[in-house]
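Listed below, chain by chain, are the residues.
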Amino acid sequence: MRILLVISILILCWGSAFSAQLNPYKDSNHYEIVHVQSGDTVWNISAQYVSDSEDIRDLVFAITKLNQLNNNAQVHPGQILKIPQKAKNSVAFK
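All of the points below concern the structure found in this document. No experiment lies behind these values; they were computed from the predicted model shown. (Residues numbered from 1 in each chain as written. Predicted model: local features only at pLDDT ≥ 70, side-chain atom pairs only at ≥ 80, totals over all residues. Heavy atoms only, no water.)

### Section: the nonpolar core
For soluble globular proteins, the rule of thumb is that nonpolar side chains tend to be buried together. With 16 residues, the main nonpolar core has V42, I63, L69, L81 and I83 as its most contacted residues. When residues of this core are traced back to their parent elements, those giving at least two are helix 2 (42-47), helix 3 (56-66) and strand 2 (80-84). In contact with V42, other than residues within four places in its own chain, are V60, I63, T64, L69, A73 and V75. (Core = buried A, V, L, I, M, F, W, Y, C linked by side-chain atoms within 4.5 Å. Buried < 20%, exposed > 50% of the residue type's maximum accessible area, 1.4 Å probe, protein only. Helix = DSSP H or I, 4+ residues; strand = E, 2+ residues; numbered from the N terminus. Contact = heavy atoms within 4.5 Å.)

Written as C-alpha cells, this is what we have:
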C-alpha cells in the first residue's frame, strides 16, 4: 500500500513539473495590466487571452504564480493583475 502511495505521489509530482516546463507563459517578460472588475475570476480573465487550441490552465497557473495569489486564486474588484504574454520562443505541443 505504501509503495502504491509513493508511486502515485512521484507520478503526480513528475506530471506537474513536466507541464510547468511546457507552459508558454512561464518565462515571459512581457505583461499586460488588468484591473479586476466585480465578478471577475482568474479563469474568466485568462479566457480573454487564450485561443480554443490553447490550454487555459497554463495561463491561470502563470497568473496565480506571478501575482502571488493564494491556492484558490481569489481576486477582488480594484485589484491589479499582471497577465503574462506568451514567451516568444515557446513551443506548443498538441
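### A closer look at the pattern of salt bridges
All chains considered together, the criterion is met by 2 salt bridges. Note that E54 and K86 form a salt bridge whose closest N and O atoms lie 2.0 Å from each other. Placement of the pair is E54 in the loop between helix 2 and helix 3 and K86 in the segment after strand 2, with a sequence separation of 32 residues. Relative accessible area serves as the criterion here: at 37%, K86 is assigned to the partly exposed category. (Salt bridge = Lys/Arg side-chain N within 4 Å of Asp/Glu carboxyl O.)

### Quick word on the side chain of N23
Looking at where N23 falls in the secondary structure, it is placed in the loop between helix 1 (2-22) and strand 1 (31-35). Judged by its relative accessible area of 6%, N23 is buried. From its side chain, N23 meets the backbone nitrogen of Y25 in a polar contact 2.9 Å long. Polar contacts involving the side chain of N23 include one to the main-chain carbonyl oxygen of D58, which spans 2.9 Å. Excluding residues within four positions of it along the chain, N23 makes contact with D58, F61 and A62. (Polar contact = N/O pair within 3.5 Å; in protein donor to acceptor, adjacent residues only side chain to side chain.)

### Thoughts on helix 3
Owing to its 3.6 residues per turn, the α-helix aligns residues three or four sequence positions apart on the same side. The set of residues buried in helix 3 consists of I56, D58, L59, V60, A62, I63 and T64. As for helix 3, its buried residues are in contact with helix 2 and strand 2.

### What to know about unusual backbone geometry
When glycine is set aside, most residues are seen to have a negative phi, and most peptide bonds are trans. Phi at Q68 is positive, roughly 50°, even though this residue is not glycine. Note that Q68 resides in the loop between helix 3 and strand 2. A relative accessible area of 73% places Q68 in the exposed class.

### Notes on the environment of P77
Take P77: it is sitting in the loop between helix 3 and strand 2. Residues P77 and V36, 41 residues apart in the sequence, show an inter-C-alpha distance of 4.9 Å. P77 has contacts with V36, Q37 and S38, leaving out every residue within four places of it along the chain.

Bear in mind that shape data such as this cannot, by itself, settle questions of function.
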